[in-house]
Amino acid sequence: MKELDLDRLRVDPGKKISLREDFDPGYKVAATKAQAQLWLEQARALLANYQERLYAENTRGMLMIFQAMDAAGKDGTIKHVMSGINPMGCQVFSFKAPSAEELDHDFLWRCFKALPERGRLGIFNRSYYEDVLIVRVHPHILDGQQLPPGLKGKGIWKRRFEHIRQFEKYLVENGIEVVKFFLNVSKAEQKKRFLARIDQPEKNWKFSPADVRERAHWEDYQRAYEDALSHTSTRYAPWYVVPADHKWMTHVSVMSVLLARFKEMDPRFPEVDDQARERLAEARRLLESED
Ligand code: ATP
Ligand code: MG
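**Concerning the environment of leucine 63**
Within the element layout of this structure, leucine 63 appears in strand 1 (residues 61-68). Each C-alpha atom of the pair leucine 63 and valine 178 lies 4.9 Å from the other, and the pair is 115 residues apart in sequence. Setting aside anything within four residues of it in sequence, one finds leucine 63 in contact with Leu115, Pro116, Gly122, Phe124, Leu171, Ile176, Glu177, Val178 and Val179.

Have a look at this one:
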């Protein structure tokens, strides 16, 4: 399968993007679905190997963030990407509307508690980005956030973007890599997937009438995403806008980004020094001297 050009998906730091003009939800590489499946199988084996090394190295971690409109395929992508990975080395957190306890804290608090440990892959299925997305699209949610009145007004989104950039810089400078994916589904494809969720009984559980109400705010969401992505794609924690109208293409794109990032990180099994080698030899002697 032809290599995917990741520069096409990355949001250049400092660039103001237009989702409509700069990214195509239906983009595909020239490959058949079968070729993609084969590639994905090999990619999963590579990823599992990287993860094992990350775990053994035990100094760095990786946080993957998934954001998207409903039915863009977050859950399926997480399932695909993580299958084959040792469950001990990964963790997934899904962020829903905040609880009363969470609302009693600043917006990063609940995410802080869910960060991956060193050696682990952590996944955020939605994240603190909701606080500049749904909260921006629905101002009444911000009203419920118990902020002091003077901090709710003008400039709040700019300030939150700054908080997020600083937070992610802090993570990266402490050994936690941050990789961010926006699954870019088209409005037409979302409609198709909603209809399938309504029509097929085994998919009914995935559908909530509230999803259709959110769809009515599609343009507001697109604008909120454009602004958030433009302000928070940085050299140390870039955003990738992943084409999401073809599920196999979503999986191939996410996997390609992860493998590229791991290649750069190059995690390694810890070196065994002479002293440790001597301790191993001593352990072997002990074992062999048993009856
Ligand atoms: P699914 O694909 O299963 O629908 P989901 O991620 O959409 O998964 P839901 O339980 O349907 O999960 O929705 C979670 C909802 O919680 C989303 O609408 C999201 O925008 C909302 N949410 C997340 N974080 C916040 C927040 N900080 N404030 C308000 N709402 C939030
Ligand atoms: Mg939902």
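**Describing helix 12 (residues 247-265)**
The terminal C-alpha atoms of helix 12 lie 27 Å apart, and with 19 residues this matches the ideal 27 Å at 1.5 Å per residue to within 8%. A large share of helix 12 lies buried, amounting to 15 of its 19 residues. Just past helix 12, the residue aspartate 266 takes up positive phi, approximately 50°.

**Observations concerning the sheet that holds strand 2 (residues 90-94)**
Within the open sheet, the five strands sit side by side as 2-3-1-4-5. Their pairing is parallel. The open sheet is flanked by strand 2 and strand 5 (239-243), the only strands paired with a single partner. This sheet shows a mean twist of 20° between the axes of neighbouring strands, independent of strand direction. In the sheet, strand 1 pairs with strand 4 (residues 176-184) via eight bridges, with the strands oriented parallel. Bridged to isoleucine 65 within strand 4 is lysine 180. Strands in contact with helix 3 (residues 74-82) are strand 1, strand 2, strand 3 (121-125) and strand 4; relative to strand 3, the strand with the most contacts, it is inclined by about 170°. Helix-sheet contacts for helix 12 involve strand 1, strand 3, strand 4 and strand 5, and the interaxial angle to strand 4 is about 165°.

**Some thoughts on the layout of surface pockets**
Rolled over the atoms, a probe as big as a water molecule pinpoints where empty space is left. Estimated volume of the largest pocket: approximately 1,300 Å³. Along the wall of the largest pocket there are 46 residues; nearest its centre are Asp70, Ala71, Lys74, Asp75 and Arg126. Looking at the lining of the largest pocket, the elements that each hand over two or more residues are strand 1, helix 3, helix 6 (134-137), helix 9 (187-199), helix 10 (209-215), helix 11 (218-232) and helix 12. Among the elements that make up the lining of the largest pocket, the one with the highest residue count is helix 3 (six residues). Taken together, the residues that form the lining of the largest pocket break down as 16 nonpolar, 12 polar and 18 charged. There is about 370 Å³ of room inside the second largest pocket. What lines the second largest pocket is a set of 18 residues, and nearest its centre among them are His105, Asp106, Phe107, Leu147 and Arg160. Contributing elements (two or more residues each) for the lining of the second largest pocket: helix 4 (100-103) and helix 8 (156-172).

**Describing helix 13 (residues 274-289)**
Each α-helix turn comprises 3.6 residues. Residues three or four places apart therefore point the same way. Across its 16 residues, helix 13 extends 23 Å between first and last C-alpha, which sits within 8% of the 22 Å expected from 1.5 Å per residue. Of all 16 residues making up helix 13, only one are buried, and the element is barely covered by its neighbours.

**What about the pattern of salt bridges?**
Between side chains of opposite charge, pairing is possible as soon as their charged atoms come close. If you walk through the whole model with that rule in mind, you get 24 salt bridges. The partner of aspartate 7 in a salt bridge is arginine 10, with the nearest N and O atoms 2.7 Å apart. The class for arginine 10 is partly exposed, based on a relative accessible area of 27%. A single network of salt bridges, built from pairs that share partners, joins Lys16, Arg136 and Asp227.

**Re the site of ligand 1**
The immediate surroundings of ligand 1 are formed by 14 residues, with Asp70, Lys74, Lys96, Arg126 and Glu130 found nearest. In the environment of ligand 1, an oxygen atom lies 3.0 Å from a nitrogen or oxygen atom belonging to the side chain of lysine 74. The side chain of glutamate 130 places a nitrogen or oxygen atom 2.8 Å from an oxygen atom of ligand 1. For ligand 1, whose unbound accessible area comes to 630 Å², protein coverage reaches 77%. Put simply, ligand 1 lies in the largest pocket. Of all elements in the fold, only helix 3 and helix 6 reach the threshold of two or more residues within the shell around ligand 1. The class makeup of the residues in the shell around ligand 1 is six nonpolar, no polar and eight charged.

**With respect to the nonpolar core**
Residues Leu121, Phe124, Tyr128, Phe181 and Leu183 are the most contacted members of the largest nonpolar core, which totals 81 residues. If you tally residues by element for this core, the top one is helix 12, at 10 residues. Excluding residues within four positions of it along the chain, leucine 121 makes contact with Gln51, Leu54, Met62, Met64, Met82, Ile85, Gly89, Cys90, Gln91, Pro116 and Phe262.

**Notes on the packing of aromatic side chains**
Considering all chains together, one arrives at 11 aromatic pairs under this definition. Ring centres 4.9 Å apart and planes at 80° place the aromatic pair phenylalanine 95 and phenylalanine 124 in the edge-to-face group. Placement of the pair is phenylalanine 95 in the loop between strand 2 and helix 4 and phenylalanine 124 in strand 3, with a sequence separation of 29 residues. Assigned by exposure class, phenylalanine 95 and phenylalanine 124 land together as buried. Chaining the aromatic ring pairs together yields one cluster made of Phe112, Tyr128, Tyr129, Phe167, Tyr170 and Trp239. Between arginine 160 and the ring centre of phenylalanine 107, over which it is positioned, the NZ or CZ distance is 4.7 Å.

What counts and what doesn't
As a convention, each chain's residues are numbered from 1 in the sequence order in which they are written. Going through the entries in the order they are written, you letter the chains from A and number the ligands from 1. For a predicted model such as this one, the threshold for reporting local features is a pLDDT of at least 70, and the threshold for listing and counting side-chain atom pairs is 80 or more; totals across whole chains, interfaces and linings nevertheless cover every residue. The basis for the side-chain values is all heavy atoms of the structure; hydrogens and waters are excluded. Every helix listed is a DSSP run of H or I at least four residues long, and every strand listed is a run of E at least two residues long, numbered separately from the N terminus. Only heavy atoms matter for contacts: two residues are in contact if any of them lie within 4.5 Å across the pair. The span one expects for a helix is its residue count, reduced by one, times 1.5 Å. Three labels apply to residues, based on accessible area from a 1.4 Å probe with only protein chains included: buried if under 20% of the type maximum, exposed if over 50%, partly exposed otherwise in between. For two strands to be treated as a pair, DSSP must find no fewer than two bridges joining them. Where helices are involved, their axes are fitted lines through C-alpha atoms of the stretch in contact, as for all axes, and angles between N-to-C directions lie from 0 to 180°. Residues are called lining when one of their atoms sits within 4 Å of a cavity or pocket point, these points coming from a 1 Å grid over the protein atoms alone, where a cavity is a set in which a 1.4 Å probe fits but cannot get out and a pocket is an open set with protein on both sides within 12 Å along at least five of seven lines. Grid points are joined across faces, edges and corners, and a volume is the space filled by probe spheres set on the points. Classes in brief: Ala, Val, Leu, Ile, Met, Phe, Trp, Tyr, Cys and Pro nonpolar; Asp, Glu, Lys and Arg charged; the others, Gly included, polar. Salt bridge criterion: a side-chain nitrogen from Lys or Arg within 4 Å of a carboxyl oxygen from Asp or Glu. We define proximity as follows: a residue is near a molecule or strand when any one of its heavy atoms falls within 4 Å of that partner. Within 3.5 Å is the distance limit for a polar contact, defined as a pair of N or O atoms, with the added protein rule that one can donate a hydrogen and the other accept it, and that residues adjacent in sequence qualify only through two side-chain atoms. Working definition of accessibility: Shrake-Rupley area with a 1.4 Å probe, residue cover restricted to the visible protein chains. Molecule-in-pocket calls rest on the fraction of atoms, with more than half required to lie within 2 Å of the cavity or pocket grid points. The term nonpolar core refers to a set of buried residues drawn from Ala, Val, Leu, Ile, Met, Phe, Trp, Tyr and Cys, joined through side-chain atoms within 4.5 Å. Only Phe, Tyr and Trp rings are paired, with Trp represented by its six-membered ring, and only when their centres lie within 6.5 Å; those with planes under 30 degrees apart are stacked, over 60 edge-to-face, the remainder tilted. Ring-over charges, as used throughout, are those where CZ of Arg or NZ of Lys falls within 6 Å of the ring centre and within 35 degrees of the ring normal.

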